[in-house]
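Residues per chain are reported as follows:
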Amino acid sequence: MSIRGKAYIVGAFEHPTRLAPDKSVAQLHAESARGALMDAGLSKDDVDGYFCAGDAPGLGPLSMVDYLGLNVRHIDSTDVGGSSYIAHVAHAAQAIAAGHCNVALITLAGRPRSEGSSGTQPRPTSANVPDAAFEFPYGLATANGYAMCAMRHMHEFGTTAEQLAWIKVAASHHAQHNPHAMLRDLVSVEDVLASPVIADPLHRLDCCVVSDGGGALVVTRPEIARSLNRPHVRLIGAGESPKGQRGGDVDLTWSGARFSGAAAFEEAGVTPADIRYASVYDSFTITVLIQLEDLGFCAKGEGGRFVADGNLISGVGRLAFNTDGGGLCNNHPANRGGITKVIEAVRQLRGEAHPAVQVPDCALAVATGIGGQLGTRHGAATVILERE
Amino acid sequence: MSKEQKAPSVRAIPDPLINPESKRWWDAAGEQRLLIGACRDCGKHHFYPRALCPHCMSDRTDWIQAGGAGVIYSYSVMRRGAPAPYAIAYVTLDEGVTVLTNLVDCDFDALAIGQRVRVVFRPSAGGAQVPVFTPA
């Protein structure tokens, strides 16, 4: 069964905070949920399906359904890291198509900035995690795992630090118009290269921000979507794919987006050539480059040339990306960037992006993400959305 | 720079997290032997070693000693956020599997993908012998 056209995104809300020392994580989830429901013109009592991932406190949906006071008949706590919420959109459509719910609420929130999280520190793990026994002593953090992918990509394809820097430059061009963005200053390729090296070959400005915040989405069936006074943004394709070390056959030059993207494009019946706006999870610049290749916007190894010279800047290049400023400049709530990818795609399709970055007559958009660790084990998720 | 001068020059290796399945790998490491997985049914090597083969799900896996030589597949030197810079790497062993590790006793600025390396063992904070690699 295809989910093509079976569900619409009718509510999308990005919490405006980027620093929330005086709020709880559950509170940020709730404030995001309320924002998305108000955006949709629906109420809490309309929600009968709830979706969250590992950022939700306690026993995920059990804690949050209780906190929010929801009365739901379907829950899903699929957790594949920061791309979870992109997968949740597809799972919500599946549940709606199967009759398990009518109005699905997806929330994310977290306070990594207040809690002092850093991409240079190894994440907590335990002896029961099967890979931890063989990896923990070596100091795999977030930054150096992604950096090894960049190093290998440079080695195999001649990708340069300047080309990676263009991804940050494009994000900064968009973030300057976003009053909520953490980093609103325009930066140049030279600025990126002059920023301190965090983990070779990635500079500080190749890395996303650490921000508190949250976001939420409301997904519903076509009849309900058409009864609401919001533009009709429907899901027409989706895919997801985990990728790991494959028993020691490690290849850091491609991601699961190779498969999640192909599945999503096939289901949607469109190709990358049809797309003028893409939300691409930008935990690091290299994350964007590898996903663009894997989605088919250019051939494997051509990503450096594709992103250079402003090709990702709205109104300038071939493919506008992350017009909110993305994780690189705007927001990376809970260290998980998937939900903001979907939110900005919805803004573009509604024509509600900032006028300076709005893609004219944007009718198709892709939102894609990599959750977990690109350098070891990650989950790719891709959705293709269409304005009806 | 005074802060950097006071910092240790070599990163302390944390103690490994060991479970009943991986204990034999660490027991071998204590004898300065690096083990990889080998499957009697499909004949392929795998890493990390485990009870059931990740290629064919056979339970007839052996944990065999690797020669300890390989080439750098990729690496990154963590320059910030750690008390001392350190190099994380993937090394492709001559047996064909690629392992996550550290590169030690080397000039971090002279590392290169494709460089030959060999396994050495360095103590963790609590005294476990941890396999790492150094230029051959």
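Let us look at the structure shown here. (Residues numbered from 1 in each chain as written. Chains lettered and ligands numbered in written order. Predicted model: local features only at pLDDT ≥ 70, side-chain atom pairs only at ≥ 80, totals over all residues.)

Generally speaking, nonpolar side chains in soluble globular proteins are found buried as a group. Core analysis: the biggest nonpolar cluster contains 167 residues, and Val 89, Leu 217, Val 219, Val 342, Val 383 and Leu 385 of chain A have the highest contact counts within it. If we ignore the near neighbours within four places in the chain, the residues touching Val 89 of chain A are Ile 9, Ile 106, Leu 217, Val 219, Leu 235, Val 342 and Val 383 of chain A. (Core = buried A, V, L, I, M, F, W, Y, C linked by C-beta atoms within 7 Å. Buried ≥ 20, exposed ≤ 12 C-beta atoms within 10 Å, placed from the backbone. Contact = placed C-beta atoms within 7 Å.)

Let us look at the packing of helix 6 (residues 161-175) of chain A against helix 10 (residues 285-295) of chain A. Residues and elements named next belong to chain A. The geometry of helix 6 relative to helix 10 is characterised by a closest axis approach of 9 Å and an angle of 100° between their N-to-C directions. One finds that helix 6 runs roughly perpendicular with respect to helix 10. Contacts between helix 6 and helix 10 pair Leu 164, Ile 167 and Lys 168 from the former with Thr 285, Ile 286, Val 288 and Leu 289 from the latter. Considering only residue class, the contact of helix 6 with helix 10 consists of five nonpolar, one polar and one charged. (Axes fitted to C-alpha atoms, helices over the stretch in contact; angles between N-to-C directions. Helix = DSSP H or I, 4+ residues; strand = E, 2+ residues; numbered from the N terminus. Parallel < 35°, antiparallel > 145°, perpendicular 65-115°, else oblique. Nonpolar A, V, L, I, M, F, W, Y, C, P; charged D, E, K, R; others polar.)

Let's shift gears to helix 5 (residues 142-157) of chain A. Each full turn of the α-helix corresponds to 3.6 residues, which orients residues three or four apart in the same direction. Here helix 5 of chain A contains 16 residues, and its C-alpha end-to-end distance of 23 Å stays within 8% of the 22 Å for a straight helix at 1.5 Å per residue. Extensive coverage of helix 5 of chain A is indicated by the burial of twelve of its 16 residues. Contact partners of the buried residues in helix 5 of chain A: helix 6, strand 5 (197-199), strand 6 (202-203) and helix 10 of chain A together with strand 4 (69-78) and strand 5 (86-93) of chain B. Positioned one or two residues after helix 5 of chain A, Gly 158 of chain A has a phi angle of 75°, which is positive. (Expected span 1.5 Å × (residues − 1).)

Take the sheet that holds strand 8 (residues 233-243) of chain A next. Residues and elements named next belong to chain A. Pairing within the open sheet is mixed, and its ten strands lie in the order 3-2-4-7-1-8-12-11-9-10. Strands at the two margins of the open sheet, each flanked by one partner only, are strand 3 (74-76) and strand 10 (320-321). Of the strand pairs in this sheet, strand 11 (residues 364-372) and strand 12 (residues 378-387) are connected by nine bridges, and their pairing is antiparallel. Residue pairing across strands places Ile 370 opposite Ala 380, the latter belonging to strand 12. (Pairing = 2+ DSSP bridges.)

Let's shift gears to the interface of chain B and chain A. Contacts between the two partners involve 37 residues from chain B, matched on the other side by 34 residues from chain A. The leading source of residues in the side of chain B that touches chain A is strand 4 of chain B, at six residues. Grouping the amino acids of the side of chain B that touches chain A by side-chain chemistry returns 21 nonpolar, twelve polar and four charged.

Such coordinate-based values are descriptive only and should not be taken to indicate function.
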